[in-house]
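Topology and contacts: notes
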Amino acid sequence: MKIKKVIFILFAMISLSIYSQQIEFEKTLGKENVETLNSLIRDFETKTLKNEYPNLKTENAYKEFLKDILKYNYSLLENRIFPESKLKLNIYCVPDSTWVEERELSSGKKSEMIKTKYKTKYKCLNPKGKVIYSSSGYFYGNKKSKTLRLVENQKDDVQINFNSIYLKALEEIPNKSKFVEYYLKNIKLTADPIHPFLMSHYILKNNIDINDYFTKRLIFINMFYR
């Protein structure tokens, strides 16, 4: 009888800790962003996953999705560009404009093999909700036509918004899980979402709890939400 009571108390303490983590995260992220994210998660589970894996329960559908990623089946990840929103600009810095600059030769003439610079202007939100801009540029020695294709292929790429309430909300979670720590460590190293294959491998290899509040949201945000 005492053992059952101890188990019940431990379970209650764990549940309370998990609930307090969620409350802390949602408080920092803000009501509007939380409502948007919860709505997106519901749609992902009841429409995308349900349509793809109609005979599976939600948890198993998530697992099957991750297994498909490990088989290089990225069909669910195609055409996943979501419209701009407050939530999106808090999670990512999104391309605002892209262009190509050419460097002229000393003679003033241009060449098909001349170095070209691919530049992107990004926009996102700071913690006060103000739109801020940043830019990046890369030199390429390819032909102009190839560089233009590169611009087209990368025009929807996003970068992690390091100056955001989203990152702050994750960092301030008390007693973060191993998976949240893994996510934060990797996005800080690259400033990009984690490659779907690597995240899927980590989750399945380490038996991460799929039903966990944060696990579901990080899977969706990192792999699907762009």
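Residues numbered from 1 in each chain as written. Predicted model: local features only at pLDDT ≥ 70, side-chain atom pairs only at ≥ 80, totals over all residues. Heavy atoms only, no water.

Notes on helix H8 (residues 196-205)
Those residues of H8 that sit buried are Pro-196, Met-199, Ser-200, Tyr-202 and Ile-203. Buried residues of H8 fall within an arc of 165 degrees about the axis and therefore sit on the same side. Those residues of H8 that are buried lie in contact with helix H3 (58-70), helix H7 (178-190) and helix H9 (213-224). Just past H8, the residue Asn-207 takes up positive phi, approximately 50 degrees. (Buried < 20%, exposed > 50% of the residue type's maximum accessible area, 1.4 Å probe, protein only. Helix = DSSP H or I, 4+ residues; strand = E, 2+ residues; numbered from the N terminus. Arc of directions from axis to C-beta. Contact = heavy atoms within 4.5 Å.)

Some points on the packing of aromatic side chains
The final tally for this structure, using the stated rule, is 18 aromatic pairs. With a centroid separation of 4.9 Å and 50 degrees between ring planes, the pair formed by Phe-44 and Phe-224 is classed as tilted. Of this pair, Phe-44 sits in helix H2 (residues 31-52) while Phe-224 sits in helix H9, placing them 180 residues apart in sequence. Residue classification places Phe-224 among the buried residues on the basis of a relative accessible area of 10%. Judged by centre distance (5.9 Å) and plane angle (80 degrees), the rings of Phe-82 and Phe-220 are edge-to-face. Of the two residues, Phe-82 is situated in the loop between H3 and helix H4 (86-91) and Phe-220 in helix H9; the sequence distance between them amounts to 138 residues. Here Phe-82 and Phe-220 have matching classes, each one buried. An aromatic cluster is built from Phe-44, Tyr-62, Phe-65, Phe-82, Tyr-92, Phe-220, Phe-224 and Tyr-225, whose rings are joined through pairwise contacts. Between Lys-121 and the ring centre of Tyr-133, over which it is positioned, the NZ or CZ distance is 4.5 Å. The ring of Tyr-213 is capped by Arg-217, whose NZ or CZ atom sits 3.8 Å from the centre of that ring. (Phe/Tyr/Trp six-rings, centres within 6.5 Å; stacked < 30°, edge-to-face > 60°. Lys NZ or Arg CZ within 6 Å of the ring centre and 35° of its normal.)

Here we look at H2
In this model H2 runs 30 Å from its N-terminal to its C-terminal C-alpha over 22 residues, within 8% of the 32 Å that 1.5 Å per residue would give. Maximum bend of H2: about 35 degrees, positioned at Phe-44. Considered for burial, the residues of H2 that qualify are Asn-33, Val-34, Leu-37, Leu-40, Ile-41, Phe-44, Glu-45 and Leu-49. (Expected span 1.5 Å × (residues − 1). Bend = angle between axes of the 7 residues up to and from the residue.)

Quick word on the environment of Ile-203
Relative to the helices and strands, Ile-203 resides in helix H8. For Ile-203, a relative accessible area of 1% puts it in the buried group. C-alpha separation for the pair Ile-203 and Phe-179, spaced 24 residues apart in sequence, amounts to 7.7 Å. Beyond its immediate chain neighbours, meaning those up to four positions away, Ile-203 contacts Leu-66, Phe-179, Ile-208, Ile-210 and Ile-219.

Regarding the pattern of salt bridges
Tallying each qualifying case throughout the model produces eight salt bridges. The partner of Lys-63 in a salt bridge is Glu-59, and the shortest N-O contact between them spans 3.6 Å. Highlighted residues: Lys-63 and Glu-59, both in helix H3, separated by four residues, approximately one helical turn. Across the pair Glu-171 and Lys-188 runs a salt bridge, and its minimum N-O distance is 2.7 Å. (Salt bridge = Lys/Arg side-chain N within 4 Å of Asp/Glu carboxyl O.)

Comments concerning the packing of H7 against H9
For any two helices packed against each other, the geometry is given by the interaxial angle and the distance between the axes. Following both chains from N to C, one finds H7 and H9 inclined at 25 degrees, their axes separated by 10 Å at the closest point. Judged by the inter-axis angle, H7 sits roughly parallel to H9. When you trace H7 past H9, the crossing you get is left-handed. In this structure, H7 uses Phe-179, Val-180 and Tyr-183 to contact H9, whose residues at the interface are Phe-214, Thr-215, Leu-218, Ile-221 and Asn-222. Looking at the contact of H7 with H9 residue by residue, the class counts come to six nonpolar, two polar and no charged. (Axes fitted to C-alpha atoms, helices over the stretch in contact; angles between N-to-C directions. Parallel < 35°, antiparallel > 145°, perpendicular 65-115°, else oblique. Left-handed = near helix turned anticlockwise from the far one by under 90°. Nonpolar A, V, L, I, M, F, W, Y, C, P; charged D, E, K, R; others polar.)

Re the nonpolar core
Ranked by size, the top nonpolar core spans 52 residues in total, and within it Phe-65, Tyr-183 and Phe-220 carry the most contacts. Top element by residues in this core is H9. It accounts for eight residues. Beyond its immediate chain neighbours, meaning those up to four positions away, Phe-220 contacts Leu-37, Leu-40, Ile-41, Phe-44, Phe-82 and Tyr-225. (Core = buried A, V, L, I, M, F, W, Y, C linked by side-chain atoms within 4.5 Å.)

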